[in-house]
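Here are the chains, one letter per residue:
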Amino acid sequence: MNFGKLFSGVVLCATLVSGGAQAAVVFSDNFNGEGGGVSVLNYASFANWDVTGQVDLVKEPGYGITCNTGSCVDLDGTTGPGQIAMKNAYSFNAGDTVNFTFDISGNQRGGPGDNLTFGFTFGGLTQINNVDFWGTNFGSLNVSSYSNAFGPLSSSYPWTSYTISFVAANAGNVKFFLGTDSADNVGILIDNVSLSIGGAVPEPATWAMMIVGFGLAGSALRRRRALAA
């Protein structure tokens, strides 16, 4: 057996592992465990979120609202608008792709269309590339925080999944937030929030290739030693 060629194959497997890494979900929340499974107006006791202003926790079919997975958040609380922001920051490395995904819907109770405010804060000044919102690429940013708005969303706007993504140019950490500037007691609904960070989990197929490759390399090395003896 040509050990040199076999070793090259093992190196190729390792390369595939490093290049075939996929994003790992580091955070997810569908709000179903909040409030004892019932609707709560002006809810501020989230396990994973800090609240600014006021938001309502809705357990469907409360208030005539249909959530995407049982419970959701109305960003315009009973007496005014609010914002939810991640309690914890999540770390990333240079080269990682960060994807923040969430479902939004217009408020089925009616009312005028509302805007969604969204963004993120870093632990310090951070360079990010391929910044993408709603499928539109905004290029590169060098920021410690960023915010924007999307809308207005009418009451008939269906549940839709959106992603904010970027590629980190340097290591850091990030928190995301979602809110509204609506103040009519009928706000945008939020459900199924998740955060994934790339480069953390090799794909199963590439793990298998690497394990097989190193196994073959070990067998070949033992054979060479046996022949030398």
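Definitions and cut-offs
- Residues numbered from 1 in each chain as written.
- Predicted model: local features only at pLDDT ≥ 70, side-chain atom pairs only at ≥ 80, totals over all residues.
- Heavy atoms only, no water.
- Helix = DSSP H or I, 4+ residues; strand = E, 2+ residues; numbered from the N terminus.
- Buried < 20%, exposed > 50% of the residue type's maximum accessible area, 1.4 Å probe, protein only.
- Lys, Arg positive; Asp, Glu negative; His and termini not counted.
- Salt bridge = Lys/Arg side-chain N within 4 Å of Asp/Glu carboxyl O.
- Polar contact = N/O pair within 3.5 Å; in protein donor to acceptor, adjacent residues only side chain to side chain.
- Contact = heavy atoms within 4.5 Å.
- Disulfide = S-S within 2.5 Å.
- Phe/Tyr/Trp six-rings, centres within 6.5 Å; stacked < 30°, edge-to-face > 60°.
- Core = buried A, V, L, I, M, F, W, Y, C linked by side-chain atoms within 4.5 Å.

**Brief notes about unusual backbone geometry**
In the segment running from Glu60 into Pro61, the intervening peptide bond is cis, with an omega of 5°. Along the polypeptide, Pro61 turns up in the loop between β3 (56–59) and β4 (71–74). The amide bond that connects Gly151 to the next residue, Pro152, takes the cis arrangement and shows omega of 5°. Within the element layout of this structure, Pro152 appears in strand β11 (residues 141–153). Backbone geometry at Asn42 places phi at a positive 50°, although glycine is not the residue there.

**As for the side chain of Asp74**
Looking at the element boundaries, Asp74 is found in strand β4. The charged side chain of Asp74 is buried without a salt bridge, its nearest counter-charge being Arg109 at 4.2 Å. Polar contacts involving the side chain of Asp74 include one to the main-chain amide nitrogen of Gly187, which spans 3.0 Å. Setting aside residues up to four positions removed in sequence, Asp74 forms contacts with Val55, Asp56, Val58, Asn107, Arg109, Asn185, Val186, Gly187, Ile188 and Leu189.

**Side note on the state of the cysteines**
Using the criterion set out here, one finds one disulfide in the structure. In this model, Cys67 is linked to Cys72 through a disulfide, with the two sulfur atoms separated by 2.1 Å. Judged by the torsion about the S-S bond (-55°), the Cys67/Cys72 disulfide is left-handed. Classification of Cys72 as buried rests on a relative accessible area of 0%.

**Focus: the packing of aromatic side chains**
One pass over the structure, following the stated rule, counts 23 aromatic pairs. Between the aromatic rings of Phe92 and Phe166, the centroid separation amounts to 6.1 Å while the plane-to-plane angle is 80°, which identifies the pairing as edge-to-face. With Phe92 in strand β7 (residues 90–92) and Phe166 in strand β12 (residues 160–168), this pair connects stretches of sequence that are 74 residues apart. Neither residue differs from the other here; Phe92 and Phe166 are each classed as buried. Residues Trp134 and Tyr162 carry aromatic rings whose centres are separated by 4.7 Å and whose planes lie at 80° to one another, so their mutual orientation is edge-to-face. Of this pair, Trp134 sits in the loop between β9 (114–133) and β10 (136–137) while Tyr162 sits in strand β12; the two residues are 28 residues apart in sequence, bridging distant segments of the chain.

**Section: the nonpolar core**
With 41 residues, the main nonpolar core has Phe100, Phe176 and Ile190 as its most contacted residues. Elements with a minimum of two residues in this core: β6 (80–86), β7, β8 (97–105), β9, β11, β12, β13 (172–180) and β14 (189–201). A per-element tally of this core places β9 first, with seven residues. Ignoring any residue separated from it by four or fewer positions in sequence, one finds Phe176 in contact with Trp49, Ile84, Ala85, Met86, Val98, Phe100, Gly119, Phe120, Ile164, Phe166 and Leu195.

**Points about the side chain of Asp191**
Along the chain, the position of Asp191 falls in strand β14. Although buried, Asp191 forms no salt bridge, and the nearest oppositely charged side chain, Lys59, lies 9.6 Å from it. Here the side chain of Asp191 touches Asn68 through a polar contact of 2.9 Å, landing on its backbone nitrogen.

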